[in-house]
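In case you want the letters, here they are:
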Amino acid sequence: QSALTQPPSASGTPGQRVTISCSGSSSNIGSNFVYWYQQLPGTAPKLLIYRNNQRPSGVPDRFSGSKSGTSASLAISGLRSEDEADYYCAAWDDSLSGRVFGGGTKLTVL
Amino acid sequence: EVQLLESGGGLVQPGGSLRLSCAASGFTFSSFAMTWVRQAPGKGLEWVSVISGSDGSTYYADSVKGRFTISRDNSKNTLFLQMNSLRADDTAVYYCAKDSDSSGWYGVDNWGQGTLVTVSS
């Protein structure tokens, strides 16, 4: 059981907006930055969002991150077929003195 | 351009040892923390360990504590993971990753392509 909780799956049609949630606690999301990663099938993960809501260069502005209290969210607007991937949230956990990942959300573009 | 190239994976028997290496380039290696993350077949990402770039502090997941040792050679821009007492549930692709700062308390911003470790008799 992961320290960060994500829905196992999400779906949407092209052009739609989808949101993926990540629920944690005061020792991780509540007191540290949240990172989001995208993993396309058969490839290594790629940084999507850092420090809660910052996009690295090259990541489309269709991707956005937010955080409130002990929860965070990743929103994808204007959904495209190439967005079909697994998405993971991560944060440092002060109680564990280690980093924790969510279980991952498999996004399907219908 | 940041490049991270893992090596050292392979097939090992339960109870055996393996040493993974990660050759880094394209950034000032000593200024950043470095992380190992693994992914068992068909499963999600699991953080394994991190070593800071500032003072060499190390942190481990409970699942590997006492069995795995992370280290780095800043003169050779190389990260290591010494894995002892390997078990079947250590079977995974192991990713080397560069952190976004030196402390190890934030997140990774670049990933290698991974190396497969299979523990089986």
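As a reminder, the structure under discussion sits directly above these lines.
Our subject in this report is the structure included herewith.

### Remarks on the sheet that holds strand S2 (residues 18–23) of chain A
Residues and elements named next belong to chain A. The strand order across the open sheet built from three strands is S2-S6-S5, with neighbouring strands paired in antiparallel fashion. Two strands close off the open sheet at either side, each with one partner strand: S2 and strand S5 (63–68). This sheet shows a mean twist of 20° between the axes of neighbouring strands, independent of strand direction. Note that S2 and strand S6 (residues 71–76) share six bridges and pair antiparallel. Bridged to Val18 within S6 is Ile76.

### What to know about the sheet that holds strand S8 (residues 78–83) of chain B
Residue and element names in this part refer to chain B. As summarised here, the arrangement of the four strands in space is S1-S3-S8-S7, forming an open sheet in which the pairing is antiparallel. Each edge of the open sheet carries a strand with a single partner, namely strand S1 (3–7) and strand S7 (68–73). Neighbour-to-neighbour, the strand axes of this sheet turn through a mean angle of 15°, independent of strand direction.

### Brief notes about the pattern of salt bridges
Any two side chains of opposite charge can pair, so long as their charged atoms come close to each other. Residues and elements named next belong to chain B. With the rule as written, the count across this model stands at nine salt bridges over all chains. One salt bridge in this structure joins Arg38 and Asp90, with 2.9 Å as the shortest N-O distance. Here Arg38 is found in strand S4 (residues 34–39), whereas its partner Asp90 is found in the loop between S8 and strand S9 (92–99), with 52 residues between them in sequence. Taking relative accessible area as the criterion, Asp90 reaches 0% and is therefore assigned buried. Connected through shared salt-bridge partners, Arg38, Glu46, Arg67 and Asp90 make up one network.

### Regarding the nonpolar core
Residues Phe101(A), Trp36(B), Leu79(B), Leu81(B), Met83(B), Tyr94(B) and Trp111(B) are the most contacted members of the largest nonpolar core, which totals 44 residues. Of all hydrophobic cores here, the second largest spans 23 residues; its members include Cys22(A), Trp36(A), Leu48(A) and Cys89(A).

### Things to note about the environment of Glu84(A)
Residues and elements named next belong to chain A. In this fold, Glu84 is placed in the loop between S6 and strand S7 (85–93). Classification of Glu84 as partly exposed rests on a relative accessible area of 35%. Once the C-alpha coordinates of Glu84 and Pro41 are considered, the two residues, 43 residues apart in sequence, prove to be 8.5 Å apart. Ignoring any residue separated from it by four or fewer positions in sequence, one finds Glu84 in contact with Leu40, Pro41, Leu107, Thr108 and Val109. Within the structure, Glu84 has its side chain in polar contact with the backbone nitrogen of Val109 (distance 2.7 Å).

So, how was this worked out
- Residues numbered from 1 in each chain as written.
- Chains lettered and ligands numbered in written order.
- Predicted model: local features only at pLDDT ≥ 70, side-chain atom pairs only at ≥ 80, totals over all residues.
- Heavy atoms only, no water.
- Pairing = 2+ DSSP bridges.
- Helix = DSSP H or I, 4+ residues; strand = E, 2+ residues; numbered from the N terminus.
- Axes fitted to C-alpha atoms, helices over the stretch in contact; angles between N-to-C directions.
- Salt bridge = Lys/Arg side-chain N within 4 Å of Asp/Glu carboxyl O.
- Buried < 20%, exposed > 50% of the residue type's maximum accessible area, 1.4 Å probe, protein only.
- Core = buried A, V, L, I, M, F, W, Y, C linked by side-chain atoms within 4.5 Å.
- Contact = heavy atoms within 4.5 Å.
- Polar contact = N/O pair within 3.5 Å; in protein donor to acceptor, adjacent residues only side chain to side chain.

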